[in-house]
Amino acid sequence: MRPPPESFLRTLCRCLALVAAAALAACSSTPPASPPAATAPAAPAAPAAPAVKIGIALGGGAAKGFAHIGVIKILEANGYAPAVVAGTSSGSVVGALYASGMSAFELQEKAVALDETRIRDLQLSTSGLLVGQKLEDYVNEQVRRLPLERLAKPFVAVATRLEDGERTVFAQGNTGQAVRASSSVPGVFQPVAIGRHRYVDGGVVSPVPVDAARELGADLVIAVDISSKARGQTPTGILGTLSQTITIMGQRLGQAELARADVIVRPQVLDIGGTDFTQRANAMLEGERAALAAMPQIRERVAQVQAAREEAARVARLKAAQAQREACLEQRTTLQKLADLAGRDGACGAP
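A. A look at helix α6 (residues 175-182). When you tally the buried positions in α6, you get 7 out of 8 residues, the bulk of the element. Every buried residue belonging to α6 is among T175, G176, A178, V179, R180, A181 and S182, and all of these are buried. Measuring from the backbone nitrogen of G176 back to the side-chain oxygen at the start of α6 gives 3.1 Å, which picks out N174 as the cap.

B. Seen up close, the pairing of strand β6 (residues 197-201). Inspection of the sheet shows strand β3 (residues 155-161) paired to β6 by 3 bridges, in the antiparallel sense. The residue bridging R161 from the neighbouring strand is Y199, located in β6. Alignment of strand β5 (residues 192-194) against β6, held across 3 bridges, turns out to be antiparallel. Bridge pairing in β6 links I194 to H197.

C. The pattern of salt bridges, seen in detail. For the coordinates displayed, the defined rule picks out 13 salt bridges. Notably, a salt bridge pairs R120 with E116, separated by 2.5 Å at the nearest N-O pair. With relative accessibility at 39%, the residue R120 sits in the partly exposed group. Close ionic contact of R260 with D211 constitutes a salt bridge, the shortest N to O distance being 2.8 Å. Note that R260 is positioned in the loop between α8 (237-258) and β8 (263-265) and D211 in helix α7 (residues 210-215), a separation of 49 residues in sequence. When its relative accessible area of 22% is taken as the criterion, D211 is described as partly exposed. Among the ionic contacts, a cluster of salt bridges with common partners joins R214, D262 and R301.

D. Molecular detail of the environment of K110. Secondary-structure assignment places K110 in helix α4 (residues 104-113). For K110, a relative accessible area of 33% puts it in the partly exposed group. Each C-alpha atom, one on K110 and one on L97, is 9.5 Å from the other, the two residues being 13 residues apart in sequence. Leaving out residues up to four positions away in the same chain, K110 has contacts with M102, Y138 and Q142.

E. Quick peek at the nonpolar core. Membership of the largest hydrophobic core comes to 61 residues, with the highest contact counts inside it found for V139 and I298. For this core, the element with the highest residue contribution is helix α9 (residues 280-330), accounting for 9 residues. The residues touching V139, leaving out its near neighbours within four places in the chain, are V93, A96, L97, T175, G176 and V179. Residues V84, A86, V158 and V221 belong to the second largest nonpolar core, which totals 14 residues.

F. Structural detail: the packing of helix α2 (residues 67-77) against α9. Running from N to C, α2 and α9 cross one another at 40°; their axes reach a closest spacing of 7 Å. With respect to α9, the axis of α2 lies oblique. With respect to the hand of their crossing, α2 and α9 are arranged in right-handed fashion. For the pair α2 and α9, the contacting residues are A67, I69, G70, V71, K73, I74 and L75 in the first and A283, M284, G287, E288, A291, L292, M295 and I298 in the second. Looking at side-chain class alone, the contact of α2 with α9 contains 11 nonpolar, 2 polar and 2 charged residues.

About the thresholds
Residues numbered from 1 in each chain as written. Predicted model: local features only at pLDDT ≥ 70, side-chain atom pairs only at ≥ 80, totals over all residues. Heavy atoms only, no water. Buried < 20%, exposed > 50% of the residue type's maximum accessible area, 1.4 Å probe, protein only. Helix = DSSP H or I, 4+ residues; strand = E, 2+ residues; numbered from the N terminus. Polar contact = N/O pair within 3.5 Å; in protein donor to acceptor, adjacent residues only side chain to side chain. Pairing = 2+ DSSP bridges. Salt bridge = Lys/Arg side-chain N within 4 Å of Asp/Glu carboxyl O. Contact = heavy atoms within 4.5 Å. Core = buried A, V, L, I, M, F, W, Y, C linked by side-chain atoms within 4.5 Å. Axes fitted to C-alpha atoms, helices over the stretch in contact; angles between N-to-C directions. Parallel < 35°, antiparallel > 145°, perpendicular 65-115°, else oblique. Left-handed = near helix turned anticlockwise from the far one by under 90°. Nonpolar A, V, L, I, M, F, W, Y, C, P; charged D, E, K, R; others polar.

It is worth stressing that arrangement in space is one thing and function is another; only the former is reported here.
Set out below in structure tokens:
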């Protein structure tokens, strides 16, 4: 056979070289990039269960109010210092001083050293025997003349608007004046003029200010009830009958609001007269005893509220994780979704 011409061989070699070069180029080229895997966005910080905010509602009872100091003393000693304070009448006096930053021991020292003449200003009047200005001045001196809104703890004093019987909660302004209004027992103290209205004792409408403490944001309200109670005795004379009637009315009025408290502390101070300042040490001791007796109930209720808070925080974390996973799934490609169905893609994780 005759060999192919030389020109044909050269052409064939060039073609083979071009095919080889094309094959090498195809092998060395970078393959198309695959779409990036879907990744879950950064998880939001898990909300921690907030601490239980304890509120204390200090009821009225004149000289029996020294018992409030004993209650606060035991609460502090057991790690349950109130975060917010509401007070009516004598409870507003103790509450204001406590909210100003005093400890229970400082309150006790103030109580022991208190001279009645510093808060008593007699003046014969058809509207009351005491003016109340001395009480106002004393409170303002003890709280360093700070207004209500600048006290160390949130505090309110409850009074009654004389014109229409409206419950009034003082949360701003002159601390001593608010306490004076809250403590103006009708017939004993003269009504207090504030703005266009006059005010009398808060015990007329709210003997133990549970609702006011709750309105301050308390999660758990400890009510301290030192009010007088009808004791099954028949009163004698007009004044005795009137006093007993007022006591019964106060009992009925206070029951509904007390029912909204988480824990009720009742110091045994019924035998202490409303003007008997000589029994202040005994009143404080009874406050301590009553608070100690209530401590198991307080611990249990705090634990219940805390457990509810922790459960709410757990549910919030689950919802956040679910939202995170759904956002991740929305970012994925069709191939990644198919891989997930096949169990081969767990980039988004489980909620």
